[in-house]
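So you can see what is in the structure, the chains are spelled out below.
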Amino acid sequence: MKPLSVIDAGEARDVYLALRDALTGDGPAVLPRQTGGSADVTASVPQNVALVVETSGSTGAPKRVALSADALLASAAASAGAIGGQEPGTARWVLALPTHYIAGANVLVRSIVAETEPVVLRPGHFDPATFCAAADALDSDQRFTSLVPVQLARLLDAALGAVSAGDSRMLTTLRRFDALLIGGQALQPDLRDRALDAGLHIVRTYGSSETGGGCVYDGTPIGTVRARALDSRIELAGPVLAEGYLDASGALDAPLTESAFHTDDGVRWYRTGDLGTVDADGRVRVTGRADNVIISGGEKVSLDAVQAAVRRHPGFGEAVVVPAVSEEWGQVPAVVVAAPAALGLEELRALVQGELGNAAAPGRLLEVERVPLLPSGKPDRVTLAALVASL
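By convention here, each chain's residues receive numbers from 1 onward along its written sequence. The predicted origin of the model limits local features to residues at a pLDDT of at least 70 and limits the giving and counting of side-chain atom pairs to 80 or more, whereas totals for whole chains, interfaces and linings rest on all residues. Just so you know, side-chain values use all the structure's heavy atoms and leave hydrogens and water out.

Digging into the sheet that holds strand 10 (residues 202–208)
The criterion for strand pairing is that DSSP finds at least two bridges linking the strands in question. To qualify as a helix, a DSSP run of H or I must reach at least 4 residues; to qualify as a strand, a run of E must reach at least 2; elements of each kind are numbered from the N terminus. With mixed pairing, the seven strands of this open sheet are ordered in space as 7-6-8-9-10-11-12. Edge positions in the sheet fall to strand 7 (119–120) and strand 12 (220–221), since each has one partner strand and no second. Relative to strand 11 (residues 213–217), strand 10 runs antiparallel, the two sharing four bridges. Residue Thr205 lies in a different strand from strand 11, and its bridge partner there is Tyr217. Contacts between helix 2 (residues 69–83) and the sheet are confined to strand 6 (91–95), strand 8 (142–147), strand 9 (179–182), strand 10 and strand 11, with strand 11 contributing the most and set at about 35° to the helix. Most of the contacts of helix 4 (residues 128–136) go to strand 8, to which it runs at about 150°, and overall it touches strand 6, strand 7 and strand 8. Whether two residues touch is decided by their heavy atoms; if any such pair falls within 4.5 Å, the residues are in contact. Only the contacting stretch of a helix is used when fitting its axis, a line to C-alpha atoms as for every element, and angles between N-to-C directions run 0 to 180 degrees.

Considering helix 9 (residues 303–311)
Counted residue by residue, helix 9 has seven buried out of nine residues, so it is predominantly covered. Exposure categories follow from relative accessible area, calculated using a 1.4 Å probe and restricted to protein chains: below 20% of the type maximum is buried, above 50% is exposed, and the middle band is partly exposed. Those residues of helix 9 not exposed but buried are Leu303, Asp304, Val306, Gln307, Ala309, Val310 and Arg311.

A word on the packing of aromatic side chains
Centres within 6.5 Å are what make two rings of Phe, Tyr or Trp a pair, Trp counting through its six-membered ring; a difference in plane orientation under 30 degrees is then read as stacked, over 60 as edge-to-face, and the rest as tilted. In this structure the tally under the stated criterion is five aromatic pairs. With a centroid separation of 5.8 Å and an interplanar angle of 50°, the aromatic rings of Phe126 and Phe131 are classed as tilted. By the burial criterion, Phe126 is buried, and Phe131 matches it. Note on Phe261 and Tyr270: the rings are 5.1 Å apart at their centroids and 40° apart in plane angle, and the pair reads as tilted. A relative accessible area of 6% means that Phe261 is categorised as buried.

Notes on unusual backbone geometry
Peptide bonds are trans in most cases, and residues, glycine excluded, mostly fall at negative phi. Cis geometry is found at the peptide bond from Ala339 to Pro340, where omega equals -5°. For Pro340, the location among the structural elements is in the loop between strand 22 (330–338) and helix 10 (345–356). A positive phi angle, close to 55°, is found at Asp231, a residue other than glycine. In this fold, Asp231 is placed in the loop between strand 13 (226–230) and strand 14 (233–237). Residue classification places Asp231 among the exposed positions, given a relative accessible area of 70%. Despite not being glycine, Ser232 shows a phi value in the positive range, around 70°. When you line up the elements, Ser232 lands in the loop between strand 13 and strand 14. You can call Ser232 partly exposed: its relative accessible area is 43%.

Section: the packing of helix 5 (residues 149–164) against helix 7 (residues 189–197)
Orientation of helix 5 relative to helix 7, taken along the N-to-C sense of each, is 45°, at an axis distance of 11 Å. As far as their axial angle goes, helix 7 and helix 5 are oblique. Helix-helix and strand crossings are classified by hand; for helix 5 and helix 7 the assignment is left-handed. On helix 7, the residues touching Pro149, Leu152, Ala153, Leu156, Asp157 and Leu160 of helix 5 are Leu191, Arg194 and Ala195. Orientation labels follow simple angle bins: below 35 degrees gives roughly parallel, above 145 gives roughly antiparallel, 65 to 115 gives roughly perpendicular, and whatever is left gives oblique. Handedness of a crossing is defined here by the sense of rotation of the near helix relative to the far one, left-handed for an anticlockwise turn of less than a right angle and right-handed for a clockwise turn.

A closer look at the packing of helix 9 against helix 10
Two elements in contact, helix 9 and helix 10, have axes whose closest approach is 10 Å; the angle formed by their N-to-C orientations is 120°. Compared by their axis directions, helix 9 and helix 10 come out oblique. In the packing of helix 9 onto helix 10, the handedness of the crossing is right-handed. Of the residues in helix 10, those in contact with Ala305, Val306, Ala309 and Val310 of helix 9 are Leu348, Val352, Glu355 and Leu356.

A word on the environment of Thr205
Relative to the helices and strands, Thr205 resides in strand 10. Residues Thr205 and Gly104 lie 101 residues apart in sequence; the distance between their C-alpha atoms is 14 Å. If near-sequence neighbours (up to four positions away) are discounted, Thr205 is found in contact with Leu181, Ile182, Gly183, Gly214, Val216 and Tyr217.

A closer look at helix 3 (residues 102–113)
For an α-helix the count is 3.6 residues per turn, leaving residues at separations of three or four pointing the same way. Helix length check: helix 3 (12 residues) gives 16 Å between terminal C-alpha atoms against 16 Å at 1.5 Å per residue, within 8%. Among the 12 residues of helix 3, 10 are classified as buried, and the element is accordingly described as predominantly covered. By the burial criterion, the buried members of helix 3 are Ile102, Gly104, Ala105, Asn106, Val107, Leu108, Val109, Arg110, Ser111 and Ile112. Looking at the residues trailing helix 3, positive phi occurs at Glu115, about 60°. To estimate the expected span of a helix, count its residues, drop one, and scale the result by 1.5 Å.

What about the pairing of strand 22?
In the sheet, strand 21 (residues 320–326) pairs with strand 22 via seven bridges, with the strands oriented antiparallel. Paired with Val322 across the bridge in strand 22 is Ala334. Joining the antiparallel neighbours strand 21 and strand 22 is a turn of three residues. Sheet topology places strand 22 next to strand 23 (residues 364–368); five bridges connect them, and they run parallel.

Some points on the pairing of strand 13
For strand 13 and strand 14, the ladder comprises five bridges, and the chain directions are antiparallel. Paired with Ala227 across the bridge in strand 14 is Leu236. Here strand 13 hands over to strand 14 after two residues, with Asp231 in that stretch at a positive phi of 55°.

Take a look at the structure:
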């Protein structure tokens, strides 16, 4: 076992320096912790662990994921091979995500590998003007950042709004990025098209804490990562995989780890919670979460499919669909959207019903002042489901 250093995730440079030592083996493993996070943190972890991150907890209790230095460095190398930045000192990053999530921690790891330091945004509200000011401070040949879709949308709105007012500086700044990695949640087609039409170099990423972050770029596995679909569940393999999950003592939790990681014909695979397909060329297409399915009137309904259908209608681009109890049907989809809703429940039901069938038609429509988000930018589905249940 080796020591585990718990560091305030809001102190990005402290996390950067500690990670640098952890990756070389000169320092303890690192757990970036959100201010006010759980205090029951073990003092030691397995010897080969360099970083511990918690899963987002967007649909349930978070798990502590243990990543080795080899996995983190393999992830950084695969990313650099896909988007550039392999030459030391040439690539700099803007850190716009919390370091206690894998995407934020990866910005630090990739900066360490590039022998540069990132420009760090202050934690809290994401401000497009502040982000662009940070980007303008990058003094490097190559520029990169990682964002979630809501951040990309805010940047686009601000940049295009400024262009309409005759000021193109913000858009010029965004166009200078060699790649804006967009992940953490599904990137809606209309947002992707807007970004591409604006001349931004976006890369849609897919992965998780268990895979060392994004390991599939624009549908294609990077580096030596492999993908397959078994029983419609996506599985990923490669040197980027985590060691597994830690228990309360800091040791690997064998039952929990074995529920997600398994070896097949000498290859270690991570069984994701996502449904999808992998074609003959290895391209990955995610269709939804395996655990985001309800039984409504005896029929299986994918809430991800309902959400995708709802979001295609104007005014519902940020809507979230969660399960709701129904005395008649057992469960029904419930749509939560920032007020005012562009359509009434009956209109929305008719639109979804025509596309996905009767069982998928939303049973409830809830208007809220603002859809609650996790620090990662993902919708807080646990809170939303509880809010719907309380009505």
